[in-house]
Amino acid sequence: MAERQRPSGRRAAGELEGSVLAVLWSAPGPLTAAQVNERLPGRLAHTTVVTIMSRLHEKGMLRRERIGRSYAYAPVRDEAEHTARQMHSLLGRGSDREAVLARFVSDLTDEDEELVQRLLAGHPAPTPPEREGR
């Protein structure tokens with residue numbers, strides 16, 4: 001994730017949570033705060049990473065297990081399920097669901113439109129090949 005900062009030098013709300021989640025989604029298993037911090041772009045204070053991960057745990061987004069004197073964390077949901085839940089939440093906030101869906105669909109690329117049509121017909125898309133480096 002690109003590191004965006006406000007004029008005050010602080011990151012936008014939720015950006016650090018998103019960065020931490022991205023690190024955990026790309027990991028093969030649970031990670032400690034120190035391990036997450038090593039993988040984040042730009043170093044943060046260890047206490048900042050611990051706080052972010054604790055908050056994500058309190059929100060039910062991470063599970064944790066005790067490893068010695070610290071915790072190792074892993075996402076409760078994969079990235080696709082997390083994003084789908086966010087999309088549903090945003091859709092539910094609008095006053096005109098049909099208008100929101102119509103606008104969303106009208107902005108789809110041809111490839112995405114074809115994918116949505118296949119999914120609605122009950123034909124899942126082929127699984128993309130694994131990305132290198134994972």
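Criteria and thresholds
Residues numbered from 1 in each chain as written. Predicted model: local features only at pLDDT ≥ 70, side-chain atom pairs only at ≥ 80, totals over all residues. Heavy atoms only, no water. Helix = DSSP H or I, 4+ residues; strand = E, 2+ residues; numbered from the N terminus. Buried < 20%, exposed > 50% of the residue type's maximum accessible area, 1.4 Å probe, protein only. Contact = heavy atoms within 4.5 Å. Areas by Shrake-Rupley, 256 points an atom, 1.4 Å probe, with all protein chains shown as cover. Salt bridge = Lys/Arg side-chain N within 4 Å of Asp/Glu carboxyl O. Axes fitted to C-alpha atoms, helices over the stretch in contact; angles between N-to-C directions. Parallel < 35°, antiparallel > 145°, perpendicular 65-115°, else oblique. Pairing = 2+ DSSP bridges. Patch = residues over 30% accessible without salt bridge, like charges linked within 9 Å, V, L, I, M, F, W, Y side chains within 5 Å. Lys, Arg positive; Asp, Glu negative; His and termini not counted. Charge placed at Lys NZ, Arg CZ, Asp CG, Glu CD. Core = buried A, V, L, I, M, F, W, Y, C linked by side-chain atoms within 4.5 Å. pLDDT = per-residue confidence, 0-100.

1. Considering the overall build of the protein
Across its full length, the protein holds six helices and three strands. Starting at the N terminus and walking to the C terminus, you meet the elements of the protein as α-β-α-α-β-β-α-α-α. Per-residue burial over the protein gives 24% buried out of 134 residues. If you take every contact in the protein between residues at least 6 apart in sequence, the share linking residues at least 24 apart comes to 35%. Of the roughly 10,000 Å² of accessible surface on the protein, a fraction of 52% belongs to carbon and sulfur atoms.

2. A closer look at the pattern of salt bridges
Once their charged atoms are close, side chains differing in charge can pair, the charge on each being opposite to the other. In the structure shown here, the tally under the stated rule is four salt bridges. Here Glu 114 and Arg 118 are joined by a salt bridge, their closest N and O atoms 3.0 Å apart. Taken as a pair, Glu 114 and Arg 118 lie in helix H6 (residues 110–120) at a separation of four residues, close to a single helical turn. Residue classification places Arg 118 among the partly exposed positions, given a relative accessible area of 28%.

3. Examining the packing of helix H1 (residues 15–26) against helix H3 (residues 46–58)
Viewed as axis vectors pointing N to C, H1 and H3 meet at an angle of 80°, and their least axial separation amounts to 10 Å. In this view, H1 runs roughly perpendicular relative to H3, as classed from their interaxial angle. Residues Leu 16, Glu 17, Val 20, Leu 21 and Leu 24 of H1 form the contact with H3, whose own contacting residues are Thr 48, Ile 52, Met 53 and Leu 56.

4. Here we look at the sheet that holds strand E3 (residues 70–75)
The antiparallel open sheet is built from three strands, whose spatial order is E1-E3-E2. Each having just a single partner strand, strand E1 (31–32) and strand E2 (62–67) make up the two edges of the open sheet. Examined bridge by bridge, E2 and E3 share six bridges and lie antiparallel to one another. Looking across to E3, one finds that Leu 62 is bridged to Pro 75. Across the sheet, H1 lies against E1, E2 and E3, angled at about 85° from E3, the strand it touches most. Those strands touched by H3 are E1, E2 and E3, and its axis lies near 120° from that of E2.

5. Concerning a negative patch on the surface
On the surface, Asp 110, Glu 111, Asp 112 and Glu 113 cluster together into a patch of negative charge. Mapping Asp 112 onto the fold places it in helix H6.

6. So, the nonpolar core
By size, the foremost hydrophobic cluster in this structure holds 18 residues, and its most contacted members are Val 20, Leu 24, Val 36 and Met 53. Mapped by element, the contributors of at least two residues to this core are H1, helix H2 (33–39) and H3. Ranked by residue count, the leading element in this core is H1, at five residues. Sequence-distant contacts of Val 20, that is, excluding residues within four places in its chain, are made with Val 36, Leu 40, Ile 52, Met 53 and Leu 56.

7. A few points about the confidence of the model for the protein
Low pLDDT means the predicted coordinates in that region are not meant to be read closely. Looking at the protein, pLDDT values average 87 and 83% of them are 70 or higher. Mean pLDDT across the elements of the protein bottoms out in helix H5 (residues 97–106) (91) and peaks in E1 (98).

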